[in-house]
Amino acid sequence: MAPGSRVSALILLIGVYLPGATAAQSPSPVEAAGATKVVPADALTLSAEFEGTLDQSVNTAYFCKGVARFIPTPTSESPSGQALLLTLDPSNSSSVGRCEPDDAGTERAELAEPDAARLPLGTEVWYGFRFMVPAAMKGRFAGQRLVIAQLKQHPETCPLGPRPFGLPANAHSNPTVSLRLIEDNVGDVMGLQLAVSGDQARKISVGQLMRHRDPFLDRWHEVLLHVKVMPQGRASPGDSGFVEGWLDGQPFADGLYGVEDDSGIVDRAEPFGYSGLVGCTYFKYGIYRDRQDEPWSIAFDRFRRGATRKSVESSSR
């Protein structure tokens with residue numbers, strides 16, 4: 001799809017019904033570090049194209065206050081291409097799904113991996129997706145957070161992994177890894193922050209990439225995330241957790257956060273992860289923000305999960 005797609009494309013919107021979560025798609029075998037069970041070949045790889053519908057690999061359990069519509073994103077290869085325009089509408093009911101209570105200080109409209117496709121702790125995995133912030137959202141950021149993607153830990157057994165070990169911990173809803181949209185009216189810039197959290201800190205910035213706001217808006221951007229969640233208290237030699245990410249091909253930081261000099265040895269100065277949440281991880285993307293009265297929209301396309309960078313990276317780059 002053309003990176004310069006303008007907000008005029010948002011005029012033609014097609015509403016959809018939200019299907020439930022189903023199973024994963026095509027293969028790429030991987031073994032979770034420290035696990036006694038190999039992740040099935042057809043379970044690691046996931047994709048969603050958003051060509052006029054929510055793909056069967058999409059879990060809507062966290063959709064909550066979301067409205068899904070589809071916008072045209074024509075390219076020479078796909079003249080009829082479409083993408084998802086996701087809106088968090090605070091007037092929508094949150095009575096169904098895994099949503100916050102009405103008196104909570106936050107609200108969400110997110111899509112996720114199917115529960116059956118959650119990965120065991122210690123699985124090395126790549127994620128990729130494209131997003132576009134409509135120009136109509138300029139200056140409408142409110143509150144302290146606007147998370148567009150997050151990887152969280154869960155204390156229970158996931159179907160693809162071994163039984164969890166240790167005593168369950170409480171992350172107080174903090175994502176282990178997050179991608180947060182940042183807007184600065186004073187500097188007239190906008191961009192993303194890659195952050196982590198864990199037992200030792202509520203949020204640590206791995207790095208942030210900022211752009212002049214007007215060129216950033218109404219344009220498609222590509223995010224890549226390479227991660228292995230293994231809290232330091234659980235890591236054995238050569239089995240360290242790490243995180244790295246890119247925005248439009250530019251890294252958020254040099255090297256892998258969490259290990260020393262890309263050697264795989266734990267870097268004690270770069271902690272993340274919850275040592276008691278040892279069941280599995282799950283990935284969500286969409287809008288998670290502080291509660292406010294105004295709707296907020298962001299477009300998503302070409303979600304990927306896989307074993308290699310090549311398997312999730314856009315072919316246009």
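Basis of the calculations
Residues numbered from 1 in each chain as written. Predicted model: local features only at pLDDT ≥ 70, side-chain atom pairs only at ≥ 80, totals over all residues. Heavy atoms only, no water. Helix = DSSP H or I, 4+ residues; strand = E, 2+ residues; numbered from the N terminus. Buried < 20%, exposed > 50% of the residue type's maximum accessible area, 1.4 Å probe, protein only. Contact = heavy atoms within 4.5 Å. Areas by Shrake-Rupley, 256 points an atom, 1.4 Å probe, with all protein chains shown as cover. Phe/Tyr/Trp six-rings, centres within 6.5 Å; stacked < 30°, edge-to-face > 60°. Lys NZ or Arg CZ within 6 Å of the ring centre and 35° of its normal. Pairing = 2+ DSSP bridges. pLDDT = per-residue confidence, 0-100. Polar contact = N/O pair within 3.5 Å; in protein donor to acceptor, adjacent residues only side chain to side chain.

J.: Explain the overall build of the protein here, please?
T.: In terms of helices and strands, the protein carries two helices and 18 strands. Residues classed as buried in the protein amount to 55% of the 317 residues present. Sequence separation of 24 or more characterises 72% of the internal contacts of the protein that already satisfy a separation of 6 or more. Accessible surface for the protein amounts to roughly 13,500 Å². Of this, 51% is attributable to carbon and sulfur atoms.

J.: Honestly, the packing of aromatic side chains in this entry has me stumped. Any pointers?
T.: In this description, a pair of aromatic rings is defined by centroid distance and the angle of the planes. Going through the model one piece at a time under the given rule, you end up with 13 aromatic pairs. Both rings, one in Tyr 127 and one in Phe 283, keep their centres 4.0 Å apart while their planes meet at 10°; by these two values the pair is stacked. Separated by 156 residues along the polypeptide, Tyr 127 in strand β9 (residues 125-132) and Phe 283 in strand β17 (residues 280-290) bring together distant segments of the chain. Each member of the pair, Tyr 127 as well as Phe 283, is classed as buried. Its end group placed over the ring of Tyr 282, Arg 118 keeps NZ or CZ at 4.1 Å from the ring centre. The aromatic ring of Tyr 62 is capped on one face by Lys 284, whose charged end is 4.3 Å from the ring centroid.

J.: Help me out: how do you make sense of the pairing of strand β18 (residues 296-306) in this one?
T.: Both faces of the sheet carry side chains from a regular strand, because those side chains alternate between them. Among the eleven residues in β18, eleven count as buried, and that is most of the element. Two elements, strand β4 (residues 46-48) and β18, share three bridges in a ladder whose sense is antiparallel. Bridge pairing in β18 links Ser 47 to Arg 304. Here strand β6 (residues 82-88) pairs with β18 via five bridges, running antiparallel. Following the sheet pairing, Leu 88 is matched in β18 by Trp 296. Direction of pairing for β9 relative to β18: antiparallel, over a ladder of six bridges. Residue pairing in the sheet places Arg 130 in a bridge with Asp 301 of β18.

J.: What is the right way to read unusual backbone geometry from this model?
T.: Within the chain, Phe 50 stands out as a residue other than glycine whose phi angle is a positive 60°. With respect to the element layout, Phe 50 can be found in the loop between β4 and β5 (66-72). The exposure class of Phe 50 is buried, given its relative accessible area of 0%.

J.: Is there a simple way to think about the confidence of the model for the protein in this case?
T.: Note: predicted coordinates in regions of low pLDDT should not be interpreted at a detailed level. Across the protein, pLDDT averages 84, with 81% of residues at or above 70. Predicted confidence is poor over residues 2-36, with pLDDT under 50, and the contacts of this stretch with residues over four places away or in other chains come to 97 contacts.

J.: What is the right way to look at the environment of Glu 49 in this model?
T.: Positionally, Glu 49 belongs in the loop between β4 and β5. Classification of Glu 49 as partly exposed rests on a relative accessible area of 28%. Linking Glu 49 and Arg 302, residues 253 residues apart in sequence, is a C-alpha distance of 4.8 Å. With near-sequence residues (within four places) excluded, Glu 49 lies in contact with Asp 55, Gln 82, Asp 301, Arg 302 and Arg 304. A distance of 2.6 Å separates the side chain of Glu 49 from the side chain of Arg 304, its partner in a polar contact.

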